[in-house]
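Inside the fold
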Amino acid sequence: MRYRWMDGEWWRQVPPRLTRLWRTSLQVRTVAITLLLTGAAILVTGVYMSLSISNDLYQSRLDQALRDSSRATTTAQSTLNASDASTGDAGRNLLNSALQDVQSATSSRLIAAYRVPGQDAATPSPPDRSSPGLNDVISSELRAEVQKGGTKQFYQSVALPGTDGNTDPGLVVGTQLTLPSYGHYELYIGYNLRDAENTLVFVQNTLALAGLALILLVGAITWVIVRFVVQPIRVAAETSERLAAGDLAVRIPERGEDVFASLARSFNGMADSLQSQINQLATLSQLQQRFVSDVSHELRTPLTTIRLAGDVIYDQRESFPPATERTAELLHTQIERFDRLLSDLLEISRYDAGSVALEPEPTNLVRLADDTVDEMRTLADQNGSELRLDAPGGYFDVAMDPRRIRRVVRNLLGNAIEHGEGKPVIVTVDSNESAVALTVRDYGLGMSQQEVNHVFDRFWRADPSRKRTIGGTGLGLAISLEDATLHAGWLQVWSAPGAGSCFRLTLPRVIGREIASSPLPLPPFDAGATDAQAESALGAETEART
Ligand code: ADP
């Protein structure tokens, strides 16, 4: 088994993940900032406390050492003052007993005594004495001060040899002793401050541990508190997302009396009014749809009668005077137009009511396109447009509703002929592994981008004043789009003013399967081609086919 961290690249993921976490989680951000600020405050306080405790400890140990040394020196000096020894051995003993007095009067075992240099040496004076280790640490500066200072006390911080080969922090206090008949001696007493240092280390460790524990505690408390605060906000955010996605029934649970409860209340109030308005609109829209559908149905019967009567009049038009004949023709065209409009309205109202069902059957799109092209040829001829089918692929059966797809192709072709200004109209069919597609390309007026944006809108026409030979209703492309969508297909358009238009219908090879890409390009390969180019492209292809 391989773990991600074995790849050796996992650490590259860490900074971006941390950055994302920082950006996305309010909780992480708050806790991190709190930890940082608390840590800084605790560090400053800890350092200050540690320094002041260390100063205090040192000062009290110094005071103690100075007192101790002063008391021992006084005791020894009074013993010395009471003595009358004045010769060699007696003098040596005298110094020894004075040092013993010092030792018994102090808490220290580190004592040294040196004869102050430059004194009259008539009688052999007692030799210098020093406890091991003390001699080396007394600096010459301290000695110089003690030699000049008489009975005054001087001190110095030193590193004393410790028990386990290390050095211990220490203090040396120096002053002078006077041996009657032998002169002045420098007396040094060393104090080991190891215990004070141990106390300080203990205090510092305790402070550090307490500080760390405090930081963790503050972090945990912040985490919990922020969770308390963030949780309702998270719920509100999720709820509003679901509401925006269309789930109108979601609400934030209202608990308590606090600010979140009032947020929840106002949010829920807003959601309620939104829901009721949308429901109202939906009801209205249903009513409207029903109205359109009912009216269309109601109009069907009288229209059929009118149509029958109109047909009779139209058939007899030649027997009428010319003006009446013209009226009969006009009546006929308008009745046809009315009929088409009514059929389109009924169809769109069926879509709106959601009562449209696909009736798929295996259909060859090339054959379907060929049939429709033949059907429209007369109209194309009337408009002076050459109609051509070009099918590099798509010669197999695909499940589709042929009635609907035929209607789409017919509508696209009708539009192309109507707006193609007598220029050629090319229908192309092709297929790939996921889809079959059909394009209808014309080289007519074309549309601006703004017009293209509305081309599938109901009742929309680019220019209502354009000459209308076919008499469209403005619903054709809206119905075509519904038909394509019902097949889970696409209906798309490219158009440019003066360069014509290209409508592309793409259908999945298997109903319900997703279309990966369309087999035909949009914009078409000759997008932007001029009229002359279009003619010559057509000529070249016609040649190639013959
Ligand atoms: P209509 O019944 O008016 O043709 P459609 O929905 O089929 O309704 O088309 C809507 C409008 O789109 C048309 O009125 C026309 O202005 C524009 N249109 C459609 N096809 C083309 C085309 N090939 N070239 C230019 N304009 C087009």
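The structure presented is a predicted model; accordingly, all values stated were derived computationally and were not measured.

**Describing the overall build of the chain**
Along the chain, the regular secondary structure elements total 13 helices and 12 strands. Computed over the C-alpha atoms, the radius of gyration of the chain is 54 Å, more than 25% above the 24 Å expected from 2.2 N^0.38 for a compact globule of 546 residues. Within the chain, the proportion of its 546 residues that are buried is 37%. Nonlocal contacts in the chain, meaning residues at least 24 apart in sequence, comprise 68% of its contacts between residues at least 6 apart. Of the accessible surface of the chain, which amounts to about 31,100 Å², a share of 57% is contributed by carbon and sulfur atoms.

**Details of the pairing of strand β8 (residues 397-400)**
Residues of β8 alternate between two faces, with Val398 and Met400 buried on one and Asp397 and Ala399 left unburied on the opposite face. Two strands pair when backbone bridges link them, and strand β6 (residues 361-364) and β8 are joined in this way by four bridges, in the antiparallel orientation. Among the inter-strand pairings, Glu361 is bridged to a residue of β8, identified as Met400.

**Re the sheet that holds strand β7 (residues 387-390)**
Strand order in the open sheet made by the five strands is β7-β9-β10-β12-β11, with mixed pairing throughout. Every other strand in the sheet has two partners, leaving β7 and β11 (490-496) as the edge strands with one partner each. Neighbour to neighbour, the strand axes of the sheet diverge by 15° on average, direction disregarded. When β11 meets strand β12 (residues 500-508), the two strands line up antiparallel, connected through seven bridges. Considered in β12, the bridge of Trp494 is made with Cys502. Lying over the sheet, helix α9 (residues 365-383) contacts β7, β9 (425-431) and β10 (435-442), oriented at roughly 170° with respect to β7.

**What about the pattern of salt bridges?**
Enumeration according to the criterion identifies 23 salt bridges in this entry. Of the charged contacts in the structure, one is a salt bridge between Asp272 and Arg251, with a shortest N-O distance of 2.7 Å. With Asp272 in helix α7 (residues 259-315) and Arg251 in the loop between α6 (194-244) and α7, the pair connects residues that are 21 residues apart, well separated along the chain. Given a relative accessible area of 41%, Asp272 falls into the partly exposed group. For Arg251, a relative accessible area of 25% puts it in the partly exposed group. Each of Glu347, Arg350, Asp401, Arg404, Arg407 and Asp483 takes part in salt bridges that share partners, so that together they form one network.

**Quick notes on the pairing of strand β3 (residues 154-161)**
On a regular strand, one side chain projects to one face of the sheet and the next to the other, so that they alternate. Note: β3 against strand β4 (residues 167-179), eight bridges, orientation antiparallel. Within β4, the position partnered with Val158 by the bridge is Gly170.

**Notes on the packing of aromatic side chains**
Enumeration according to the criterion identifies two aromatic pairs in this entry. Between Tyr114 and Tyr188, the ring centres sit 5.8 Å apart and the planes meet at 50°, which makes this aromatic pair tilted. In this pair, Tyr114 is assigned in strand β1 (residues 110-115) and Tyr188 in strand β5 (residues 183-192), connecting sequence segments 74 residues apart. Classification of Tyr114 as buried rests on a relative accessible area of 5%. For Tyr188, a relative accessible area of 0% corresponds to the buried category.

**Things to note about a nonpolar patch on the surface**
On the surface, Leu214, Leu217, Ile221, Trp223, Val224, Ile225, Phe228, Val229 and Ile233 cluster together into a nonpolar patch covering about 840 Å² of accessible area. When you line up the elements, Val224 lands in helix α6.

**Focus on the confidence of the model for the chain**
Averaged over the chain, the pLDDT score is 86; the fraction of residues at 70 or greater is 91%. Here residues 532-546 is modelled with pLDDT under 50, and outside its nearest four sequence neighbours on either side it reaches 14 contacts, counting other chains as well.

Parameters at a glance
- The residue numbering used here restarts from 1 in each chain and proceeds along that chain's sequence as written.
- For this predicted model, a pLDDT threshold of at least 70 governs which residues receive local features, and a threshold of 80 or more governs which side-chain atom pairs are given and counted, while totals over whole chains, interfaces and linings are taken from all residues.
- The basis for every side-chain value is the complete set of non-hydrogen atoms in the structure, without hydrogens or water.
- Only DSSP runs of H or I with at least four residues qualify as helices, and only runs of E with at least two residues qualify as strands; both kinds are numbered from the N terminus onward.
- Every radius of gyration here is taken over C-alpha atoms, with the globule rule written as 2.2 Å times N^0.38, N being the number of residues.
- Using a 1.4 Å probe on the protein chains alone, a residue whose accessible area is under 20% of its type maximum counts as buried, one over 50% counts as exposed, and one in between counts as partly exposed.
- Whether two residues are in contact is decided by their heavy atoms, any of which lying within 4.5 Å being enough.
- Using a 1.4 Å probe, accessible areas were evaluated by the Shrake-Rupley method; residue-level cover was limited to the displayed protein chains.
- Any two strands between which DSSP finds at least two bridges are classified as paired.
- Between N-to-C directions, angles cover 0 to 180 degrees, with each direction set by a line fitted to C-alpha atoms, over the stretch in contact for helices.
- Whenever Lys or Arg places a side-chain nitrogen within 4 Å of a carboxyl oxygen from Asp or Glu, that contact is recorded as a salt bridge.
- Working definition: a ring pair exists when centres of Phe, Tyr or Trp rings (six-membered ring for Trp) sit within 6.5 Å. Plane angles under 30 degrees give stacked, over 60 give edge-to-face, the rest tilted.
- Surface patches are defined over residues having more than 30% relative accessible area and no salt bridge, joining like charges when they lie within 9 Å and nonpolar side chains (Val, Leu, Ile, Met, Phe, Trp, Tyr) when within 5 Å.
- Each residue gets a pLDDT score, which is the predictor's confidence in that residue and runs from 0 to 100.

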